[in-house]
Amino acid sequence: MSSIKLFMDELVFTFKKMRGSPLSIVGSVIVVFYVCLAIAAPILAPPQPGRDPYIMPSYGISPIPKPPSNEAIWGTTEGQYDLYYGCIWGVRTAFRTGLITTAAVVMLGIIVGSIAGYFGGKVDEIIMRITDIFYAIPTLVLAMAIVVLFGVGLDNVIKALIIVGWPTYARLMRAEILRVKNEDYVEAARAIGCSNFRILVKHILPNAIYPVLVMGSMNIGNIVLAASALSFLGLGSPAGYADWGSLISLSRNWILGLPGNPLAFWHTYTIPGLFIFTFVLGWNLLGDAFRDMLDPLIRRR
Amino acid sequence: MTNLEEGKVLEINNLVVRFYTYAGVVKAIDNVFLYLKDGEILGVVGETGCGKTVTALSSLRLIPNPGRIEGGDIFLKTDDGLVNLMEKNEKYMEKVRGRYISIVFQEPGAALNPIYKIGEQVGEALLIHRKAHYYSEALRRVEEKLKVERNPFKRFILKLEVKICEKLIEDPNSSFSILLSLPLLNEVNKLMETLIKDDVIYLLKIMGLPDPERTYNRYPHELSGGMKQRAVIAMALACNPKILIADEPTTNLDVTIEAQILHLIRELRDKFNSSILYITHDLGIVAEICDRVAVMYAGNICEMAGVKDIFREPIHPYTKALIECIPRPGKQFKSIPGTIPNLINPPSGCRFHPRCPEAMEICSKEAPKLREVKEGHLVACHLYR
């Protein structure tokens, strides 16, 4: 029982800690709001029975976007796709892309970086040179090349972002491991007979992992941005798929509006843009909050 | 050599340690001979950088990169007879560290992991070396529970745990242990936790920590320097090691705490019957707690004798000079002229000869060997051959 109580105390402490910084509250509110949207998507925008819910309903074949109406409350975009429906179900797509990619990238980075940092020597040298190769090529260009190699599609965008993303985390992890590795308590752990594995997992990683986790949480937004960029370029999801990036991609031809009325189709790019913007902002602010909450060294100051 | 002399627990023979740095090969330890008797406190004194700590770390084979032990033997008396640690692999060394030889570092704050509670860290040594003991203890309690348990489902679970536990007692480090951390099968783990906790609290009590139950749940930064050092000593002594190496454990503490810790160390020697290798540069401490003293200079042992002999009749010119340097009221402050030699290019012959007031011609040509001039009094100097 006492362990449960201790855990609760820690949790309360964590929330007290968070109250001190209003920005992290804003961040968490935004992210929680998006989580609710994702969960409630089938209620907010009920899909037609028997259809893939991620494919937006289309109200005609005219390419010209229509302003908000009773049928489509936020208007339609090119191809008469329902903007409201696309934005709501796009939340799920964004979470899926962001979380899967980040989780994979962080895991890979932690494993590879720990091996490089802890064991050093030739292993370290080889791994770090590989990351150098990745760094030598512009990220988005490399991601595009990989998507083209695998074939267009959202799953392949995720794969490409994972392949492109891990070196950053591996480097950060390695640097942190190198810092912690030489601490006295690691030596002390070795002196009481801990094995290499135990030292790495129990003594070094818990002290080195936080910067990586914080960077990961801040990066969820950026991943969504990158995925949107790839979708915008037409490499992501198929036409009609509920994804913010593709929604903006669909509005590409209408950004200039009509002659004499530049804002005629404002809703087609502003609404999905706002979704992307707030989503990324929320995660970045929450990343800061995570840093304050998780880092044991600054936690109790 | 198959047998250590009566009463010796550790003997370091002809130890050579080199550091391969970019600037050159640092000959940090050269033919060091050192032994430790059962239940004694041996003080190792010398200036900074003379190789005291490196000698200590060598006995655990914990020399940091780019250092390497180039030669010598380290004999340790273990439960299964005399062992030359230099012939053993890393896996064996992990069993030696903490169980036979422990070390207390200079900076108590840095030697504790900031994210674990004091109790968890002290308990870790117990968990590593006494796993089988705790498993069998927990097994006994589970079997007692099994006798009174009527619920057939719970009986089945407990029986399963008994099976796993029996396997684990044979091989405490097998991967079966993962099974015991599963939510339903964690009875044994819970029991082990409380068993270890009890032992740790007992240890903390012996170390003189106030309110050990509360200290168990505290984090290192919540303790004062002296309390931290007590916790670190508890960690080192958790498995009742034969040898405790104390590497300047009081250097960063203030004088009153220092006295308390010294008192504690002496008390613990009597209680645990451990031998202690006490590394320091403070001759005052040496006079206070040590039985024997080894004086080191630039990677060599120059004199080793009982503490009274060292202070009353020092033989080696370096020892004499060192004792002269102890500040006393009403006396001119003295120091040894010259500086410690660069160990990349150490002086030829006796490494002390450039600073020695009694240097002779032979001193720069030939390194003196450690000889016994009186019973238990060893000196490496050409003046006494």
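Residues numbered from 1 in each chain as written. Chains lettered and ligands numbered in written order. Predicted model: local features only at pLDDT ≥ 70, side-chain atom pairs only at ≥ 80, totals over all residues.

**Topic: the overall build of chain A**
When helices and strands are tallied, chain A shows 12 helices and two strands. Principal axes of the C-alpha set define a box for chain A whose edges measure 75 × 45 × 40 Å. Taken over 301 residues, chain A has a buried fraction of 41%. Here the analysis covers contacts within chain A between residues at least 6 apart in sequence; of these, 71% occur between residues at least 24 apart. (Helix = DSSP H or I, 4+ residues; strand = E, 2+ residues; numbered from the N terminus. Buried ≥ 20, exposed ≤ 12 C-beta atoms within 10 Å, placed from the backbone. Contact = placed C-beta atoms within 7 Å.)

**A look at the overall build of chain B**
Secondary structure summary: chain B contains 12 helices and 12 strands in total. Reported as C-alpha extents along the three principal axes, the dimensions of chain B are approximately 90 × 45 × 45 Å. Nonlocal contacts in chain B, meaning residues at least 24 apart in sequence, comprise 66% of its contacts between residues at least 6 apart.

**Observations regarding the environment of A:Leu213**
The residue A:Leu213 is located in helix 9 (residues 210-232) in this model. In this structure the C-alpha to C-alpha distance between A:Leu213 and A:Val148, which are 65 residues apart in sequence, comes to 30 Å.

**So, the sheet that holds strand 2 (residues 24-37) of chain B**
In a beta sheet, neighbouring strands pair by backbone hydrogen bonds and run either parallel or antiparallel. Residue and element names in this part refer to chain B. The four strands lie next to each other as 2-1-4-5, forming an open sheet whose pairing is antiparallel. A strand with exactly one partner marks an edge of an open sheet, and here the two such strands are strand 2 and strand 5 (81-84). Here the average twist between neighbouring strands, direction ignored, is 5°. (Pairing = 2+ DSSP bridges. Axes fitted to C-alpha atoms, helices over the stretch in contact; angles between N-to-C directions.)

**Points about the interface of chain A and chain B**
With 15 residues of chain A at the contact, the number on the chain B side is 22 residues. Looking at the side of chain A that touches chain B, the elements with two or more residues in it are helix 7 (184-191), helix 8 (196-208) and helix 12 (296-299) of chain A. The biggest single contributor to the side of chain A that touches chain B is helix 7 of chain A, with five residues. Split by residue class, the side of chain A that touches chain B holds eight nonpolar, four polar and three charged. (Nonpolar A, V, L, I, M, F, W, Y, C, P; charged D, E, K, R; others polar.)

**Quick look at the sheet that holds strand 7 (residues 243-247) of chain B**
All names here are of chain B. The strand order across the open sheet formed by eight strands is 6-7-8-3-9-10-12-11, and the pairing between neighbours is mixed. Of all the strands in the sheet, just strand 6 (101-104) and strand 11 (371-374) have a single pairing partner and so form its edges. Mean inter-strand twist for the sheet, computed between neighbouring axes without regard to direction, equals 20°. The pairing of strand 7 with strand 8 (residues 275-279) spans five bridges and is classified as parallel.

**Digging into unusual backbone geometry**
Even without being glycine, B:Asn240 reaches a positive phi, approximately 55°. Among the secondary structure elements, B:Asn240 is positioned in the loop between helix 8 (225-237) and strand 7.

**Considerations on the confidence of the model for chain B**
Should the pLDDT be low somewhere, the predicted coordinates at that spot are not to be read in detail. All names here are of chain B. Per-residue confidence for chain B gives a mean pLDDT of 86; residues scoring 70 or more make up 98%. The lowest-confidence element of chain B is helix 5 (residues 152-170), averaging 81 in pLDDT; the highest-confidence one is strand 8, averaging 93. Confidence estimates for the predicted assembly give a pTM of 0.79 and an ipTM of 0.83. (pLDDT = per-residue confidence, 0-100.)

**Remarks on the pairing of strand 5 of chain B**
On a regular strand, one side chain projects to one face of the sheet and the next to the other, so that they alternate. All names here are of chain B. Bridge count between strand 4 (residues 67-78) and strand 5: four bridges; the pairing is antiparallel. Bridge assignment links Lys77 to a residue of strand 5, and that residue is Leu82. Taking the residues that link successive antiparallel strands as the turn, the strand 4-strand 5 hairpin has two residues.

**With respect to the packing of helix 8 of chain B against helix 9 (residues 255-272) of chain B**
Residue and element names in this part refer to chain B. Put simply, helix 8 and helix 9 touch, their axes get as near as 10 Å, and they point 20° apart. One way to sum up the angle between helix 8 and helix 9 is to call them roughly parallel. For the element pair helix 8 and helix 9, the recorded crossing hand is right-handed. From helix 8, Gly225, Gly226, Gln229, Arg230, Ile233 and Leu237 reach across to helix 9, where they touch Ile257, Gln260, Ile261, Leu264, Leu268 and Phe272. Tallied by class, residues from the contact of helix 8 with helix 9 come to seven nonpolar, four polar and one charged. (Parallel < 35°, antiparallel > 145°, perpendicular 65-115°, else oblique. Left-handed = near helix turned anticlockwise from the far one by under 90°.)

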